[in-house]
Amino acid sequence: MKGRWLPLLLLCLILAGCGTVDTGGRLISAAEGAEAYSAALAPFLPGYSLQTAEDTLYAEVSRGSAVACFDVQAIPALERGIGRYWYPHVTATVILAVDRSRTDAAVTGWNSLRESPVPVGISSSSVIRNMLALGALSYGLDREAPSKRDALELLEHLGQNGNFRLEAPDAPILICLDCEAAAWNRNGGNYEIIVPAEGTLSYRMGLLSDVPLTLEPGLDETLLSAGLPLADGERPADFPDDYRPARTLSEEDYGWFLELTGDSSRDLRRQVLHIRRYTTADLREHILSALLLAAAILLWKGTVSHRMIRRDVRRVVGVMGWLMVGWLLLRLFKYQLTADGLLCRMCWYGYYIFQLALPVTLLYLAVILDHPEGEKKPLRPLWPPLACYALSVLLVLTNDLHQLVFRFDPAGDWASDYRYGPGYWGVMALSLLFLACAVWKLLHRGRYSPYWAGRVVPLLFCAGLLAYITAYIRRVPLAWESDLTVNICVLSALFFESALHAGFIPVNLQYQRLFTATPIGLTLLDEQGRTVLSSRGAPPVSRSIWRRISMDMAHPLLRDSDTQLHAVPIHGGMAVWQEDLSQLNRLRREIQAVQARLEAANALLREESEVKKRLLAAETNRAMFEQLDRDMERRIQTLGRLIETLPETPHPRGLTAYITLCLCHIKRRCNLFFLARQGDGLPGEELSIYLDELAELARYAGLRLLIRCGQRGALEIRRAALCYDFAFEAISWALGENASPLLGYLEPEGAHLVFRFLPGGDPGQWRFSEELTTAAAALGGQIACKDLDDAVGICMTLPLGGESCG
């Protein structure tokens with residue numbers, strides 16, 4: 001039983017609409033052919049006003065309106081809970097109406113049409129009228145087992161001979177309702193009403209309502225006067241007398257009837273007229289194709305956005321996808337409108353809001369591809385296209401005021417009978433110009449692609465799109481009978497997809513392969529912590545780890561002793577990569593082991609160094625004292641001889657003073673020896689004290705001596721020691737020769753240090769030790785006697801070195 005009522009559900013999907021409940025009493029003529037019945041019924045239904053249907057039959061019933069319709073619409077609706085009351089009043093039978101003013105063909109029934117050379121037509125192409133006609137024809141051709149196939153084959157046979165037309169109210173022979181033919185005759189027509197001898201169906205017409213209706217008396221007479229046969233079988237006088245071949249549907253007949261007549265409009269177009277084979281053929285297909293294509297475009301947009309590298313390109317692709325979806329949804333809304341009024345026409349104009357925006361959006365995409373992401377300059381050259389787009393849309397939307405774009409008669413069949421004005425050609429020319437610029441930019445950008453075949457495919461789709469639009473404008477049947485919106489959206493999506501594969505637009509198609517091949521343990525997660533891309537070998541990131549990383553991305557997370565996780569936020573989620581610490585840990589352990597060994601070795605080396613330092617210090621002290629002994633040996637030996645001769649000296653006072661002088665000299669020389677080892681200089685003032693000390697001791701020995709030291713700055717120890725030794729030997733000679741007085745002067749002269757002595761005796765007899773002269777020569781100095789007219793002086797000259805003198 002469920003399968004039998006499936007066509008009813010589909011019919012409800014096609015015809016049903018949604019709306020708010022209207023509590024006003026309205027009488028709606030929802031079924032085609034019910035206008036006369038509704039007009040005759042209106043005076044007998046107090047509180048209800050006759051109005052035009054604003055929505056579908058079932059939506060009007062849900063609003064509380066009383067709707068005039070056929071029983072094949074009302075009874076199944078009642079069983080599905082749409083409406084609660086059904087009042088049948090009129091019978092309508094499918095008959096053959098032969099215009100005897102145009103033909104005298106012998107027509108008795110359905111089969112007689114096969115041999116008739118006269119064209120046959122159906123007066124209307126509405127869904128319900130096609131169902132009524134095909135149901136009656138199928139029943140008449142096989143009463144026992146009605147089949148739509150038989151009816152379609154008969155009509156197809158007529159169509160092959162050019163004798164069948166759909167929606168042809170001017171055909172000589174019409175398949176229509178008997179009440180329609182009777183009305184034509186009352187208006188001056190000459191139609192013979194023929195009840196097909198093979199059989200036909202009679203349908204009841206009445207009111208469907210959600211509330212009980214109270215009708216005034218006298219309705220039957222009024223209906224008969226209006227030329228409408230009553231539901232009980234009584235008919236006006238101008239109707240045929242014999243209705244025995246006609247069968248009225250009973251309660252159990254509606255199931256097979258709906259199953260039999262489902263998709264009648266589609267079958268008539270495709271199987272009989274052989275049109276609409278490659279596009280939608282009825283309202284249900286219009287709706288389903290729009291929904292399916294919109295869903296497919298949204299899915300495609302999602303996949304394209306997933307493959308995009310740049311966010312600005314993803315946004316543009318998203319805009320293009322929503323433009324196509326919006327166009328399809330507007331088309332879907334237009335097909336829901338029951339009347340071809342102003343709203344329907346504005347929906348038609350609204351198509352161009354989306355159609356004209358697609359080339360401009362593609363041009364914007366082609367422009368931003370040549371600039372870095374986020375740059376604002378690409379917006380400037382796009383103002384002219386955007387301005388042209390706005391003006392074009394405004395021109396189309398205001399077409400009712402000037403008809404420069406589309407030219408038609410608003411009171412006529414403008415939906416199919418219209419012409420193109422100059423504004424249309426201008427708008428299309430601008431749109432094609434933007435498309436050509438966008439395609440050229442994309443081609444120029446992909447000119448270095450090695451795959452020339454890949455560049456051809458987008459051009460083929462682009463050429464196909466232009467060819468299709470041209471054919472549609474010229475109303476080539478194959479293009480004109482198709483759906484412009486669906487085909488343009490499909491071709492646009494195919495063009496864009498082929499441009500992606502051709503390399504015109506940067507995508508990340510190889511990201512998965514890259515992630516698979518990368519040795520880095522990298523994982524991309526979305527905002528919910530789900531893995532989007534993961535490299536080979538990267539361990540899965542659990543929800544708990546994702547939460548811990550999300551709380552603090554600035555610091556790495558130690559997963560275990562050998563793994564550390566790092567994360568950075570990205571658009572739509574985060575990137576997590578793992579750092580393998582096992583090698584670092586191994587190196588750290590090796591470094592610690594090496595460090596321990598080095599510390600042990602350093603301890604040994606320090607100990608060895610201390611030992612060597614102590615040994616070196618001892619050796620240095622020994623060598624130093626040995627050198628000191630060698631330096632002092634001659635002086636000490638001389639001092640020893642002097643001390644031995646002291647008891648035998650006749651004048652011991654002078655020798656004692658000289659011995660004291662020698663001891664002072666030895667003491668100061670030891671002091672200078674140690675200062676030399678320390679590397680320090682000797683201040684000039686201290687050297688002056690040493691010299692004064694010698695002079696003082698020499699006076700005790702009987703020598704009148706005056707030494708002046710003009711050196712004020714620090715003096716290098718060797719030079720200071722040499723000057724001190726020079727002074728000592730000069731004093732020692734003067735004491736031995738009694739060369740009193742003795743004058744000495746030490747002063748710097750330029751780059752030399754000069755120490756002069758002027759003795760009271762003959763300086764030619766002076767003798768200095770070989771050690772002194774050798775030391776002076778080693779420092780680049782010399783000791784010489786100088787003739788001073790009436791005296792002779794001795795002079796030692798040394799170059800200044802080490803510390804400068806003051």
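In case you missed it, the structure is sitting above this.
Parameters and conventions
Residues numbered from 1 in each chain as written. Predicted model: local features only at pLDDT ≥ 70, side-chain atom pairs only at ≥ 80, totals over all residues. Heavy atoms only, no water. Helix = DSSP H or I, 4+ residues; strand = E, 2+ residues; numbered from the N terminus. Buried < 20%, exposed > 50% of the residue type's maximum accessible area, 1.4 Å probe, protein only. Contact = heavy atoms within 4.5 Å. Areas by Shrake-Rupley, 256 points an atom, 1.4 Å probe, with all protein chains shown as cover. Patch = residues over 30% accessible without salt bridge, like charges linked within 9 Å, V, L, I, M, F, W, Y side chains within 5 Å. Salt bridge = Lys/Arg side-chain N within 4 Å of Asp/Glu carboxyl O. Pairing = 2+ DSSP bridges. Axes fitted to C-alpha atoms, helices over the stretch in contact; angles between N-to-C directions. Parallel < 35°, antiparallel > 145°, perpendicular 65-115°, else oblique. Left-handed = near helix turned anticlockwise from the far one by under 90°. Nonpolar A, V, L, I, M, F, W, Y, C, P; charged D, E, K, R; others polar. Core = buried A, V, L, I, M, F, W, Y, C linked by side-chain atoms within 4.5 Å. Phe/Tyr/Trp six-rings, centres within 6.5 Å; stacked < 30°, edge-to-face > 60°. Lys NZ or Arg CZ within 6 Å of the ring centre and 35° of its normal.

**Q** Would you take a moment to explain the overall build of the protein chain for this structure?
**A** Scanning the protein chain from N- to C-terminus turns up 27 helices and 22 strands. Counting over 806 residues, the protein chain shows a buried share of 47%. Restricting to contacts in the protein chain with at least 6 residues of sequence separation, those with at least 24 account for 70%. Carbon and sulfur atoms make up 58% of the accessible area of the protein chain, which amounts to about 40300 Å² in all.

**Q** Can you help me understand a nonpolar patch on the surface in this one?
**A** Nonpolar side chains collect at one region of the surface, where Tyr278, Val476 and Leu478 lie side by side and expose about 370 Å² of accessible area between them. On the secondary structure map, tyrosine 278 appears in the loop between helix H10 (264-272) and helix H11 (283-307). Judged by its relative accessible area of 70%, tyrosine 278 is exposed.

**Q** Which parts of the structure should I look at to understand the pairing of strand E3 (residues 66-70)?
**A** One face of the sheet, then the other: side chains in a regular strand alternate in exactly this way. In terms of burial, E3 is a largely internal element, five of the five residues being buried. Alternating residues of E3 divide into Ala66, Ala68 and Phe70 and Val67 and Cys69, and every residue in both groups is buried. As paired elements, strand E1 (residues 26-29) and E3 share three bridges and run parallel to each other. Each bridged residue has a counterpart across the sheet, and for leucine 27 the counterpart in E3 is alanine 66. With four bridges connecting them, E3 and strand E9 (residues 200-209) associate as antiparallel partners. In the sheet register, valine 67 faces E9, and the bridge partner there is leucine 208.

**Q** Is there a simple way to think about the packing of helix H12 (residues 311-336) against helix H20 (residues 484-502) in this case?
**A** Two quantities define a packed helix pair, namely the angle between the helix axes and the distance between the axes. Here H12 crosses H20 at 165°, and the two axes come no closer than 10 Å. Here H12 lies roughly antiparallel to H20, going by the angle between them. Read as a crossing pair, H12 and H20 show a hand that is left-handed. Residues Val317, Met320, Met324, Trp327, Leu328 and Arg331 of H12 touch H20, and the partners they reach there are Thr485, Val486, Ile488, Cys489, Ser492, Ala493 and Phe496. Counted by class, the contact of H12 with H20 contains 10 nonpolar, two polar and one charged residues.

**Q** When you look at the pattern of salt bridges in this model, what are you seeing that I'm missing?
**A** Applying the stated criterion to the full structure yields 19 salt bridges. Notably, a salt bridge pairs arginine 204 with aspartate 71, separated by 3.6 Å at the nearest N-O pair. Pair noted here: arginine 204 is in strand E9 and aspartate 71 is in helix H4 (residues 71-79), with a separation of 133 residues, a long-range link. A residue is classified by how much of its surface remains accessible, and aspartate 71, at 0% relative accessible area, is buried. Its salt-bridge partner being aspartate 263, residue arginine 266 comes within 3.4 Å of it at the nearest N-O pair. Under the relative-accessibility criterion, aspartate 263 is labelled partly exposed at 22%. In the salt-bridge network here, residues are joined through shared partners; they are Lys148, Asp263, Arg266 and Asp267.

**Q** I'm lost on the sheet that holds strand E13 (residues 521-526) in this one. Help?
**A** Strand pairing in a sheet takes place through backbone hydrogen bonds and is either antiparallel or parallel in direction. Reading across from one edge, E14-E13-E17-E16-E15 is the order of the five strands in this open sheet, with antiparallel pairing throughout. Looking along the sheet, the strands with just one partner apiece sit at the ends: strand E14 (531-534) and strand E15 (557-560). The sheet shows a mean angle of 25° between the axes of neighbouring strands, taken without regard to direction.

**Q** What is the right way to look at the nonpolar core in this model?
**A** In a soluble, globular protein the nonpolar side chains are often hidden away together inside. Core analysis: the largest hydrophobic core is formed by 89 residues, its most contacted members being Tyr37, Phe70, Val72, Leu155, Ile175, Tyr203 and Phe257. Contacts of isoleucine 175, omitting those with residues within four sequence positions, involve Val94, Ile95, Leu96, Trp110, Val120, Gly121, Ile122, Ser123, Ala133 and Leu155. Ranked by size, the runner-up nonpolar core spans 74 residues in total, among them Leu362, Phe408, Val427 and Leu442.

**Q** Quick question: what am I supposed to make of the packing of aromatic side chains here?
**A** Aromatic ring pairs are described here by two measures, namely the spacing of the ring centres and the angle between the planes. A complete count under the given rule lists 22 aromatic pairs for this structure. Here tryptophan 184 and tyrosine 191 contribute two aromatic rings whose centre-to-centre distance is 5.1 Å and whose plane-to-plane angle is 50°, an arrangement assigned as tilted. We classify tyrosine 191 as buried; its relative accessible area is 16%. An aromatic cluster is present here, built from Trp348, Tyr349, Tyr352, Phe406, Phe408, Tyr418, Tyr420, Tyr424 and Trp425 joined pairwise through their rings. Lying over the aromatic face of tyrosine 243, arginine 235 brings its terminal NZ or CZ to 3.6 Å of the ring centre.

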